[in-house]
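Structural overview
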Amino acid sequence: MDQNTDDVRRKRPSDRDLDAMDRKLLGVLVEDATTSYAELGERVGLSPPAAHERVKRLRRSGAIRRVAALVDPDILGKTLLAFVHVDTTGWGKSPALLAVEEYPEVEEIHSVAGDTCMLLKVRTESTHALEGLLARLYDTPGVKATRSYVVLSTYLERPVQPGTTSEWPTLVKGHE
């Protein structure tokens, strides 16, 4: 559990930076990672072997970390989504607190700046299950408080997108 996360944000060394074609390929794969190389090539303007070679290179460089299935939480009965702020005494990412990763209801654990130490994204079957998880958090040494935010509706939930915004709109005076 002594996992060092200090280098999580560091840029991975790669043979080259992503170009526009790499981003197009990643855009298609983010939508559906099971897309065939023939269809992938057709959608981005490459031959199937060229698309395959680029995808292999993206895997080797670490741009594609893994391929996973996005499972419908409603079908699993995990209909309650919540974000839990965890306040701790001292540094938040203690091995005892990070051990909550063993619970399948915990989807994400983040160390954050601001008025809390840790942010958890959790998905449970019920408020009773959320209460049980919160009780487990309170039993963790160093945890002094939590604040839970239960999601009522989700309008956008997606994986990391390959595109970037090249220019942000300028704020119009009076609409700041």
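All figures in this text were calculated on a predicted structure; none of them were measured in a lab.

**A closer look at the overall build of the protein chain**
Across its full length, the protein chain holds six helices and four strands. Along the chain direction, N to C, the helices and strands of the protein chain fall in the order α-α-α-α-β-α-β-β-α-β. Out of the 176 residues in the protein chain, the part that is buried amounts to 26%. Approximately 12800 Å² of the protein chain is accessible, and the part contributed by carbon and sulfur atoms is 52%.

**A look at helix α2 (residues 37-44)**
Those residues of α2 not exposed but buried are L40, G41 and V44. For α2, the angular spread of buried residues about the axis comes to 95°, placing them on one side. Buried-residue contacts for α2 involve α1 (20-31) and α3 (48-61). Backbone geometry just downstream of α2 places G45 in the positive-phi region, at approximately 90°.

**Focus on α3**
Here α3 contains 14 residues, and its C-alpha end-to-end distance of 20 Å stays within 8% of the 20 Å for a straight helix at 1.5 Å per residue. Every buried residue of α3 is listed here: A51, R54, V55 and L58. Angularly, the buried residues of α3 cover 100° about the axis, an arc narrow enough to put them on a single face. In this structure, α3 carries P49 and R60 as exposed residues pointing more than 90 degrees from its buried face. The secondary structure elements touched by the buried residues of α3 are α1 and α2.

**Quick word on the pattern of salt bridges**
In the structure shown here, the tally under the stated rule is 12 salt bridges. With its nearest N and O atoms 3.7 Å apart, the salt bridge here joins K121 to E107. Of this pair, K121 sits in strand β3 (residues 118-124) while E107 sits in strand β2 (residues 106-111); the two residues are 14 residues apart in sequence, bridging distant segments of the chain. For K121, a relative accessible area of 10% translates into the label buried. In this structure, E157 and K121 form a salt bridge, with 2.9 Å as the shortest nitrogen-oxygen distance. One end of the pair, E157, is in the segment after β4 (143-150); the other, K121, is in strand β3, with 36 residues separating them in the sequence.

**Quick look at the packing of α1 against α3**
Two numbers describe how α1 lies on α3: the axes approach to 11 Å, and their chain directions differ by 90°. Considering their axes alone, α1 and α3 lie roughly perpendicular with respect to each other. Contact residues: α1 offers M21, D22, L25, L26 and L29, while α3 offers A51, R54, V55 and L58. Residues belonging to the contact of α1 with α3 are distributed by class as follows: seven nonpolar, no polar and two charged.

**Section: the packing of α1 against α2**
Contact geometry for α1 and α2: axes closest at 10 Å, N-to-C directions at 130°. Between α1 and α2, the interaxial angle falls into the category oblique. Regarding α1 and α2, the two cross each other, and that crossing is right-handed. For the pair α1 and α2, contact is made by M21, K24, L25, V28, L29 and E31 and by L40, R43 and V44, respectively. Of the residues assigned to the contact of α1 with α2, the class counts are six nonpolar, no polar and three charged.

**Brief notes about the nonpolar core**
Among the nonpolar cores identified, the biggest contains 16 residues, and V84, V86, L97, L120, V122, L130 and L137 are the most heavily contacted of them. Ignoring anything within four residues of it in the chain, the contact list for V86 reads L97, T116, C117, M118, L120, L137, V143, A145 and T146. The next biggest cluster of nonpolar side chains, apart from the first, holds 11 residues, and it includes M21, L25, L26 and I64.

Calculation notes
Residues numbered from 1 in each chain as written. Predicted model: local features only at pLDDT ≥ 70, side-chain atom pairs only at ≥ 80, totals over all residues. Heavy atoms only, no water. Helix = DSSP H or I, 4+ residues; strand = E, 2+ residues; numbered from the N terminus. Buried < 20%, exposed > 50% of the residue type's maximum accessible area, 1.4 Å probe, protein only. Areas by Shrake-Rupley, 256 points an atom, 1.4 Å probe, with all protein chains shown as cover. Arc of directions from axis to C-beta. Contact = heavy atoms within 4.5 Å. Expected span 1.5 Å × (residues − 1). Salt bridge = Lys/Arg side-chain N within 4 Å of Asp/Glu carboxyl O. Axes fitted to C-alpha atoms, helices over the stretch in contact; angles between N-to-C directions. Parallel < 35°, antiparallel > 145°, perpendicular 65-115°, else oblique. Nonpolar A, V, L, I, M, F, W, Y, C, P; charged D, E, K, R; others polar. Left-handed = near helix turned anticlockwise from the far one by under 90°. Core = buried A, V, L, I, M, F, W, Y, C linked by side-chain atoms within 4.5 Å.

Coordinates in, geometry out; function isn't part of it.
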